[in-house]
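Below, each chain spelled out in residue letters.
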Amino acid sequence: MPLDRKAEMTCTRRDFLKTAAVSAGVVTVPGCAPSSTPDLSLSDVTWSRAPCRFCGTGCGTLVGVRRGKIAAVTGDPDCSVNEGLLCAKGYHLPGVLYGEDRLTHPMLRRGDRFERIGWDEALDLIAERFGAVLAEHGPNALAMYGSGQWTIPEGYAAQKWFKGGLRSNNIDPNARLCMASAVTGFMTTFGGDEPMGCYDDIEHADAYVLWGNNMAEMHPVLFSRMLARKGKASHVRIVDLTTRRTETSRYADDVLMMKPQGDLAIANGICRWLLVHDAIDSAFINDHCTFRRGKEDIGYGTEDHFSFKDDPQPITLDQYRALVDDYTPQRVQELSGVAPDDLERLARVFADDRKNVISFWCMGMNQHVRGTWINNLVYAVHLLSGQIGRPGATPFSLTGQPSACGTAREVGTLAHALPSDMSVTVPEHRAKAEKIWGLPEGTIDPEPGLHAVEMFRALERGDVKAMWVQVTNPFVTMPNLRRFRDAKLAHRDDSFLVVSDVYPTPTTAIADLVLPSSLWVEKVGAFGNSERRTQVWDQLVPPPGEARPDVWQTVEVARRMGFEALFPESDDLERDLYEEYRTFTLGVGKDVATWDDLSEVAGLRWPVVDGKETRWRYVPGEDPYAQGEGRMDFYKAKKTDNRAVIWFRPWEPAAEEPDDEYPFWLSTGRVLEHWHSGSMTRRIPELHRAVPHTYCEMHPDDARELGAVQNGTVRLTTRRGTIDLPVSIGRRATPMRGIVFVPFFEEEQLINDLTLDAFCPISKEPDYKKCAVRLEVVST
């Protein structure tokens, strides 16, 4: 990129990020404001590279260390993801490490109190209790609940210990709650997980369609790149398909308000329009696609032990055409609220083959009782229109955690998975893992383990007797939370719960044993971001007290249980685990770079072959695994002869809809300043002051009819619980009439006591966006 263009782009992006921070009331770290860059020549500060600890964007940072503590953080100008810029949370990264109540010593519950114990006693106790459960109840009575914040070595060690050592597949990450539908969407469409495009597509696109995705707040650095592109090319459009008018809507050229669950109808309506108006890319479809139809009326997973297996059936283009013909503009309007003219305008965005279109989405599509289906449908829109496989034309699923891709998905810490798109259900995949791990044939259980929701249901039922939670806060984030919390409190002695974390949380409060963990640059690590970029970093500062890395904790317990052969002594544990994991990726189109190569750069996008990264997967000439002279080679889609699948997936209703007793929709989510359950960002004074409490966001007309006023209190009641919250009207965002929105970051106000544990039957990801709620005014 020419320097003058880069400088102009950076200025535009900086203005947006600064405006977002100021409008949120955030005062950034001195010397690290979005409008300035700290002096990197300071003699008493040592600067080192590390990826940001928040979201899945993978921004590069430069971390300044003075006398063993982080003095400042700024964006890494050599990282192409963010080109030196950060969002409000990124600029406040130092504060994450230095909250006054950091956990610094292992603590064991004795009655209603915690007592400090030593590491040897703590690790021996875990080995003893897990070993006893294994001997008496078998491997299925054990569980490990991890995270998309696990580093790659941490997740790989946990995976290897559980599936290879304990012979239990009951390991699942919190990414099940946010990215599982993206995984199943990719796998069922392309035969391989993760995006084919990269962030470079942003600079090549002519239109961005945001499917329920508030990028201005959730992925502000990427959104700033969109605005920079728009500032350079006046024809570029942003289409915001949403249930709330948000900060993103302010910058959009077209805001289409849709009913909850309406995205299924809209996507089908676009597909129908493309077919009716002969706007499909017939040559591309003939060369690279096939059509399928799966089971329908598939349930919602609300009952324990729910199981589902799809049954894909081949269909022809003509059969597909007949199926989507039901989604006329009038029916789409009835189901989604989007008017026929608006639907046509959106369809024409995709139909214009002179323009390049990116679809972006995140939780709005993934946290959905038909999450796999809506992922399939957006891919269908791109495949039918040919908006795929060229710079600026791609469907792009974003992630919300720094290594939801690198660890949860690529390492395969999901209950059914093994590294590099492999599954425990496939004999050849198990055999490969057993060979690399040095295990006898038949060691790995062929049955998938418990996914996150069923894992906590099993803990409640007493089927799971011992569980270890690392790097996550499930007693804030699980849906239908009261069910699981009340069961653990009522039957504390029936299970043994270990929690590794950095701060006290509602999850550590309910634990039997709490272990203090190292955080971010207090340890060596590697992350993988949304564009397939793997990044590594060194330990830069010591952890407080006796805090230790999660990977060390896992390996030490495994060795105490007799699995020394799985984890030989090492002077460089994290690197050695990473390099072993890397062997899974080679030769299958998932090749990650060596640790040494990654140490020299701000990340590389896999597949990395002969030291060269890949920007666009499946494209001959770009992807070393893509063969032939065609436009694309979907080489991961072995079951469909290297063809991408265009699925017919119908509209179906949500698991729970408003009625006379519960007349509103309840939707939950995040805000710019806080990250997930708030256990880190609420300890940063600037971010906490900006948004200290959660709230109930209402449409002004709904508030008026109810008699609710700004800052008054309303009581929210669902079939699962009740909570009182202050009212927010027109401050940051405005939902459609009939919808209320509540952020979930405040642990004193647990909105997930009210949410429903319904999930997509294919991905097993819960729907946090749709359940029925009643509102009552408490005070004005």
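Quick word on the domain arrangement of the protein
Step number 1: Segmentation of the protein into domains returns domain 1 (2–97), domain 2 (107–177 + 404–523 + 546–569), domain 3 (180–296 + 314–398 + 636–648) and domain 4 (664–779).
Step number 2: Between domain 2 and domain 4, the C-alpha centre-to-centre distance is 30 Å.
Step number 3: At the junction of the two partners, domain 2 supplies 23 residues and domain 4 supplies 23 residues.
Step number 4: The junction of domain 2 with domain 4 conceals about 2000 Å² of combined surface from both sides, 55% of it contributed by carbon and sulfur atoms.
Step number 5: The largest contributions to the domain 2 side of the interface with domain 4 come from Val-476, Asn-480 and Arg-482, which together make up 24% of the buried area.
Step number 6: For Asp-753, the salt bridge goes to Arg-485, with nearest N and O atoms at 3.0 Å.
Step number 7: At the junction of domain 2 and domain 4, the tally comes to 13 residue pairs in polar contact (both at pLDDT 80 or more).
Step number 8: Elements that contribute at least two residues to the side of domain 2 that touches domain 4 include exactly helix H19 (452–461), helix H20 (474–477) and helix H21 (481–490).

Some points on the sheet that holds strand S7 (residues 171–173)
Step number 1: Pairing is mixed across the open sheet formed by seven strands, whose spatial order is S5-S4-S20-S19-S18-S6-S7. Among the strands making up the open sheet, the edge pair consists of strand S5 (113–116) and S7. Ignoring strand direction, the axes of neighbouring strands in this sheet form an average angle of 20°.
Step number 2: Note: strand S18 (residues 466–470) against strand S19 (residues 496–501), five bridges, orientation parallel. Its bridge partner lying in S19, Met-467 is registered against Leu-497.
Step number 3: Sheet strands touched by helix H5 (residues 152–166): strand S6 (142–146), S7 and S18. Its angle to S6, the strand with the most contacts, is close to 165°.

What about the nonpolar core?
Step number 1: One finds Phe-190, Trp-211, Ile-266, Ile-270 and Tyr-320 to be the most contacted residues of the largest nonpolar core, which totals 95 residues.
Step number 2: Grouped together as the second largest cluster of nonpolar side chains are 60 residues, Ile-70, Cys-79, Ile-202 and Met-363 included.

A word on the confidence of the model for the protein
Step number 1: For the protein, the average pLDDT comes to 95, and 95% of its residues sit at 70 or higher.
Step number 2: pLDDT under 50 marks residues 21–37. Its contacts with residues more than four places away, or in other chains, come to 36 contacts.

Overview of the pattern of salt bridges
Step number 1: With the rule as written, the count across this model stands at 66 salt bridges.
Step number 2: Ionic pairing is found between Arg-370 and Glu-652, a salt bridge with its closest N-O pair at 2.9 Å. Residue Arg-370 is found in the loop between helix H15 (363–366) and helix H16 (371–385), and its partner Glu-652 is found in the loop between strand S24 (644–648) and strand S25 (664–669); the two are separated by 282 residues along the sequence.
Step number 3: On the accessibility criterion, Arg-370 (1% relative accessible area) is buried.
Step number 4: With its nearest N and O atoms 3.0 Å apart, the salt bridge here joins Asp-512 to Lys-488.

What counts, and where the lines are drawn
Residues numbered from 1 in each chain as written. Predicted model: local features only at pLDDT ≥ 70, side-chain atom pairs only at ≥ 80, totals over all residues. Heavy atoms only, no water. Domains from an automatic or database assignment. Contact = heavy atoms within 4.5 Å. Buried area = accessible area lost by both parts, 1.4 Å probe. Salt bridge = Lys/Arg side-chain N within 4 Å of Asp/Glu carboxyl O. Polar contact = N/O pair within 3.5 Å; in protein donor to acceptor, adjacent residues only side chain to side chain. Helix = DSSP H or I, 4+ residues; strand = E, 2+ residues; numbered from the N terminus. Pairing = 2+ DSSP bridges. Axes fitted to C-alpha atoms, helices over the stretch in contact; angles between N-to-C directions. Core = buried A, V, L, I, M, F, W, Y, C linked by side-chain atoms within 4.5 Å. Buried < 20%, exposed > 50% of the residue type's maximum accessible area, 1.4 Å probe, protein only. pLDDT = per-residue confidence, 0-100.

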